[in-house]
Amino acid sequence: TKSYCNFPHHPNHEIFTEIYKTYTLPVFFFLSVNLLDSRTVMGDLGWIAYPKNGWEEIGEVDENYAPIHTYQVCKVMEQNQNNWLLTSWISNEGASRIFIELKFTLRDCNSLPGGLGTCKETFNMYYFESDDEDGRNIRENQYIKIDTIAADESFTELDLGDRVMKLNTEVRDVGPLTKKGFYLAFQDVGACIALVSVRVYYKKCPSVIRNLARFPDTITGADSSQLLEVSGVCVNHSVTDEAPKMHCSAEGEWLVPIGKCLCKAGYEEKNNTCQAPSPVSSVKKGKITKNSISLSWQEPDRPNGIILEYEIKYFEKDQETSYTIIKSKETTITADGLKPGSAYVFQIRARTAAGYGGFSRRFEFETSPVSVAASSDQSQIPIIVVSVTVGVILLAVVIGFLLSGSCCDHGCGWASSLRAVAYPSLIWRCGYSKAKQDPEEEKMHFHNGHIKLPGVRTYIDPHTYEDPNQAVHEFAKEIEASCITIERVIGAGEFGEVCSGRLKLQGKREFPVAIKTLKVGYTEKQRRDFLGEASIMGQFDHPNIIHLEGVVTKSKPVMIVTEYMENGSLDTFLKKNDGQFTVIQLVGMLRGIASGMKYLSDMGYVHRDLAARNILINSNLVCKVSDFGLSRVLEDDPEAAYTTRGGKIPIRWTAPEAIAFRKFTSASDVWSYGIVMWEVMSYGERPYWEMTNQDVIKAVEEGYRLPSPMDCPAALYQLMLDCWQKDRNSRPKFDEIVSMLDKLIRNPSSLKTLVNASSRVSNLLVEHSPVGSGAYRSVGEWLEAIKMGRYTEIFMENGYSSMDSVAQVTLEDLRRLGVTLVGHQKKIMNSLQEMKVQLVNGMVPL
Ligand code: ACK
């Protein structure tokens, strides 16, 4: 039988090496922990074949003389084959779900010379659990079948000739496991197989620090859809704000962080720790001789504890590899034993009980040259003059300090100009103006008809301030323009460009920000409206609300500075990443938005323009509500259209009562939230597609609602429908939405039930849905309609040029065509399924 098999690895070593290269390419296994990898076992695998003349190990070695454990069997000519290959005992190391990855080649039966009725193209994989190594020899029927394994790619004589390697990779998972380990078994029933490698592994979510909480290495759950809720432990010097939790998915990903820790008073957050003092920022030289340099410095701006000592590192310029460290409890030192006339670089850092802070920037000073030191007293005159001048300036600075506070506190007056002369580095020290830091406390001083209830913060409409500038400075910190570096323009806002850049505040590391600018030539009203957004945003403090860093009003251009959200607006982001997220990830985004909206509604703030385009998303996929325009007639929203009553409203997102009689409430925000849910689950599809605003108003009034997005869990679609109840009092409140989403996240199997194709169809606004819009004239039109236009060419090239031929496409075909993203496969298959349902119902002819 060997002649039929002629496996590429045996005896043709050259071809084998090619296979080996293929399968040793790095894949994604960084979250998996191997329990067995036959490729890396140097000695005997200890596997048993039964009967003895069935599976056989091929005693090959690779180019490094490492053994290659490949087993083959090829009894395709003989009847009733039942060949077992049993592995040795594999400990599961506490994992309750394990994965088995098989690499194998399989001979195509059709390619064998005629009459091979006995030839098979599959084999079976089994397992048997046991607590120890006894039990491998139990009877076959006690093994539990995992699956029948078929090849995606079988090879023929022709392939051998072409040396085309068709190595199959199949992965199966098994769980829940209840014992300490298990055996695997491979049963051949008459195929021509070479089992090239077996890898057994489990997955885990690796330990991580998020929101200042440490989450341990966590083995994934037993169920493939299970999310394990894991509690985090606050890092040193931090305390719980809201109990930190995350969810470890079956794929080994951390999802849906909830809660956070905060650094204790006196500590600041740095690289996920609350550890250390801030760097020393100002270092002055003192006496300098030809062999020594004296230095003094000030305590770090933020010691974050008691400074125990300083570490001073110095080295001769360009000789960094050889440096000296001095430790000192004082804020002065003298470095001696230096070379005359040479430049030295100094860096200083402080240590508290929490450890060392970062080093200061490099300060460079030069020792006196020999000639100067050795020369007459006269040569010292310039030094004395300089010293006296510096002394005078220093005195002026000290007085300046006493009189006017710091430059960054009050703008740069005469004192700061002097300081700029004396300490060039100081003019870069930036900070906030003395704006009131805690609006809660300050609110007591500003009546404006608002009474602060204990424990309940309420939103104050900036309109209630006679002087809008007062409102801005009540809630927003003034930032000096010199603290901001603008890097690039990222978009256009109503009032001017939106830029990305960096903000460097005193005692803080520089960090990225978004900067909205007010264009030149603005009117007073435009300025007021522009800054109004900051007055609103500045009142909020929530992880799902865009955070205001501050405003620049004292110089031009006027700017609003917010945290930077790497992935920009949610609608664009989802469109760009169509089909790429798990349902849990999407629900995580929705949970964040709902949580932000709950906060806003608790504050008594009605958003009025909640839509995916007004949600920003960062690199951790955290969504934050943004766009708090003061003129809540939505001048700046391109989606907003004038209603018959003259208001400007984003019709598709707005509740009927708000459109009809401007009844904007948190309940109308809930309606909009339902539309956002729909946008998210359909990856940024436009609500009601290309229907006109008038048609949308009419359809909604007549009781039509958007159909479920494709692949949408029924529970989520039900929640959308609840948000779109005509009676606003029947809609859920945001806190109920948050609880509902939390429940779904904790119990992901509840998300498995999808809205089925036929009920989706019956609920469609049929004439407007791209999927339901019936007879597509071409394959291209159909693929475009479901946003899969990128595959049109591949379909056409492979003979799927008519809708009739497309109707026959199977999942296997899609894979063969190179549609490898599961999200895309689902989208295409569901659309086909839907068209078939419509056909059966006689609704839409194909
Ligand atoms: O979709 P985008 O990239 O995200 O394009 C728009 C653009 O500016 C005009 O609004 C982006 N944008 C607005 N605020 C921020 C922010 N805080 N972080 C990052 N991008 C932002 C938005």
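Residues numbered from 1 in each chain as written. Predicted model: local features only at pLDDT ≥ 70, side-chain atom pairs only at ≥ 80, totals over all residues. Heavy atoms only, no water.

In the vicinity of the ligand, 14 residues are found, and the nearest of them are Ala-514, Thr-562, Glu-563, Met-565 and Ser-569. At 2.9 Å, a backbone N or O of Met-565 approaches a nitrogen atom of the ligand. At a separation of 2.5 Å, an oxygen atom of the ligand approaches a polar side-chain atom of Ser-569. Secondary-structure elements contributing two or more residues to the shell around the ligand are strand 28 (484-492) and strand 32 (559-563). It is strand 28 that contributes the most residues to the shell around the ligand, three residues altogether. Its residues placed into classes, the shell around the ligand shows eight nonpolar, five polar and one charged. (Near = heavy atom within 4 Å. Polar contact = N/O pair within 3.5 Å; in protein donor to acceptor, adjacent residues only side chain to side chain. Helix = DSSP H or I, 4+ residues; strand = E, 2+ residues; numbered from the N terminus. Nonpolar A, V, L, I, M, F, W, Y, C, P; charged D, E, K, R; others polar.)

Once that is clear, we can look at helix 10 (residues 524-537). Helix length check: helix 10 (14 residues) gives 20 Å between terminal C-alpha atoms against 20 Å at 1.5 Å per residue, within 8%. Most of helix 10 is tucked away, with ten of its 14 residues classed as buried. Among all positions in helix 10, only Arg-527, Asp-529, Phe-530, Leu-531, Gly-532, Glu-533, Ala-534, Ser-535, Ile-536 and Met-537 are buried. Elements in contact with the buried residues of helix 10: helix 9 (468-475), strand 30 (511-517), strand 31 (548-552) and strand 32. (Expected span 1.5 Å × (residues − 1). Buried < 20%, exposed > 50% of the residue type's maximum accessible area, 1.4 Å probe, protein only. Contact = heavy atoms within 4.5 Å.)

A few words on the pairing of strand 18 (residues 238-248). In the case of a regular strand, side chains alternate between the two sheet surfaces. When strand 16 (residues 228-231) meets strand 18, the two strands line up antiparallel, connected through four bridges. Opposite Leu-228, over in strand 18, you have Cys-248 as the bridge partner. For strand 18 and strand 19 (residues 254-263), the ladder comprises seven bridges, and the chain directions are antiparallel. Note on strand 19: the bridge partner recorded for Lys-245 is Ile-258. (Pairing = 2+ DSSP bridges.)

The subject of this paragraph is the pattern of salt bridges. All told, the structure shown has 29 salt bridges when counted by the stated rule. The shortest N-O distance in the salt bridge between Arg-591 and Asp-742 comes to 2.7 Å. With a gap of 151 residues between them, Arg-591 in helix 12 (residues 583-602) and Asp-742 in helix 17 (residues 734-746) connect regions that are remote in the sequence. Beyond isolated ion pairs, a larger network of salt bridges with shared partners links Asp-147, Glu-170 and Arg-172. (Salt bridge = Lys/Arg side-chain N within 4 Å of Asp/Glu carboxyl O.)

Okay, the environment of Ser-626 next. Looking at the secondary structure, you find Ser-626 in the loop between strand 34 (623-625) and strand 35 (641-642). Separated by 13 residues in sequence, Ser-626 and Arg-613 place their C-alpha atoms 9.1 Å apart. Ignoring sequence-local partners within four residues, the contact set of Ser-626 consists of Ile-546, His-607, Asn-614 and Leu-616.

What follows deals with the packing of helix 12 against helix 17. Packed helices, taken two at a time, are described by the angle their axes make and the gap between the axes. At a closest axis distance of 8 Å, the pairing of helix 12 and helix 17 adopts a crossing angle of 155 degrees. With respect to helix 17, the element helix 12 is oriented roughly antiparallel. Along this stretch, helix 12 crosses helix 17, giving a crossing that reads as left-handed. Contacts between helix 12 and helix 17 pair Ile-584, Val-587, Gly-588, Leu-590, Arg-591, Ala-594, Ser-595, Met-597, Lys-598 and Ser-601 from the former with Phe-734, Asp-735, Ile-737, Val-738, Leu-741, Asp-742 and Ile-745 from the latter. Of the residues contributing to the contact of helix 12 with helix 17, the split by class is ten nonpolar, three polar and four charged. (Axes fitted to C-alpha atoms, helices over the stretch in contact; angles between N-to-C directions. Parallel < 35°, antiparallel > 145°, perpendicular 65-115°, else oblique. Left-handed = near helix turned anticlockwise from the far one by under 90°.)

Per the stated rule, a full pass over the model turns up five disulfides. With its sulfur 1.8 Å from that of its partner, Cys-109 forms a disulfide with Cys-119. Disulfide Cys-109-Cys-119: the torsion about the S-S bond is -80 degrees, which places it as left-handed. Pair noted here: Cys-109 is in the loop between strand 7 (98-106) and strand 8 (122-130) and Cys-119 is in the loop between strand 7 and strand 8, with a separation of ten residues, a long-range link. The two residues Cys-109 and Cys-119 agree in class, both being buried. Here Cys-263 engages in a disulfide with Cys-274; their sulfurs sit 2.1 Å apart. On the S-S bond that ties Cys-263 to Cys-274, the torsion sits near -85 degrees, and the link is left-handed. Here the residue Cys-263 occupies a position in strand 19, and Cys-274 occupies one in the loop between strand 19 and strand 20 (283-288), the gap between them amounting to eleven residues. (Disulfide = S-S within 2.5 Å.)

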